[in-house]
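A structural walkthrough
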Amino acid sequence: MSLLTQPIHICHIGINNNRPLIQCNCCRRVEQAKQPLTKEMWLQAANYIGWRHVTSEAFDIDVVCPACVNDFNNPVRKPRKPIKRVSA
C-alpha cells in the first residue's frame, strides 16, 4: 500500500474566539493558538511541524496530526512493557 502525504490547506484551519485552530481527523486532537493569529500564519506553522493530508488506495484523510502521520509511516511497534510501581 502506498502512502501519500501532502501539506494541509487554508480551508482546514478554523477560528474559535478569534484564534485559529486545527483538528486531527484521525485521533480528534485539537490544537489552538494561544493568541490571535492569521489563518495563514497558523497554516504555515501547522505544515512546518508536520500536519498533513494523508491519502492511500484505501482512505483519504484531510487533516492528520504529526503523531498520527508517524503512526501511518511506522505501523508496527514493539509493545511497551508495563511500568512497575514501587510502593513506599
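See the structure above.
Here goes a summary of the coordinates provided. (Residues numbered from 1 in each chain as written. Predicted model: local features only at pLDDT ≥ 70, side-chain atom pairs only at ≥ 80, totals over all residues. Heavy atoms only, no water.)

Let's talk about the overall build of the protein chain
When helices and strands are counted, the protein chain shows two helices and six strands. When the elements of the protein chain are put in sequence order from the N terminus, they spell out β-β-β-β-α-β-β-α. Out of the 88 residues in the protein chain, the part that is buried amounts to 27%. Taking the contacts inside the protein chain whose residues are at least 6 apart along the sequence as the reference set, 50% of them involve residues at least 24 apart. Carbon and sulfur atoms make up 54% of the accessible area of the protein chain, which amounts to about 6800 Å² in all. (Helix = DSSP H or I, 4+ residues; strand = E, 2+ residues; numbered from the N terminus. Buried < 20%, exposed > 50% of the residue type's maximum accessible area, 1.4 Å probe, protein only. Contact = heavy atoms within 4.5 Å. Areas by Shrake-Rupley, 256 points an atom, 1.4 Å probe, with all protein chains shown as cover.)

So, the side chain of N47
As for its placement among the helices and strands, N47 is situated in helix 1 (residues 39-49). Setting aside chain neighbours within four positions, we find N47 in contact with P7, I8 and R52.

Concerning the side chain of T55
The topology assignment puts T55 in strand 5 (residues 52-56). T55 has contacts with S2, L3, L4 and D60, leaving out every residue within four places of it along the chain.

Things to note about the state of the cysteines
What we call a disulfide is simply a covalent bond connecting the sulfur atoms of a pair of cysteines. As enumerated under the stated definition, the model contains zero disulfides in all. In this structure C27 is not part of a disulfide, and its nearest cysteine sulfur, from C68, lies 3.7 Å away. On the basis of relative accessible area, C27 is assigned to the partly exposed category, the value being 40%. (Disulfide = S-S within 2.5 Å.)

Section: the sheet that holds strand 5
With antiparallel pairing, three strands are arranged side by side in an open sheet as 1-5-6. This sheet does not close on itself; its edge strands, each paired only once, are strand 1 (3-7) and strand 6 (60-64). Going from strand to strand, the sheet's axes swing by 20 degrees on average, the running direction of each strand aside. Where strand 5 meets strand 6, three bridges bridge the pair, whose relative direction is antiparallel. Among the inter-strand pairings, R52 is bridged to a residue of strand 6, identified as V64. (Pairing = 2+ DSSP bridges. Axes fitted to C-alpha atoms, helices over the stretch in contact; angles between N-to-C directions.)

Points about the packing of aromatic side chains
The tally for this structure, following the rule as stated, stands at one aromatic pair. Pairing F59 with F72 gives two aromatic rings, centres 5.3 Å apart and planes at 25 degrees, and the pair type is stacked. Pair noted here: F59 is in the loop between strand 5 and strand 6 and F72 is in helix 2 (residues 66-73), with a separation of 13 residues, a long-range link. For F59, a relative accessible area of 24% puts it in the partly exposed group. With relative accessibility at 26%, the residue F72 sits in the partly exposed group. (Phe/Tyr/Trp six-rings, centres within 6.5 Å; stacked < 30°, edge-to-face > 60°.)

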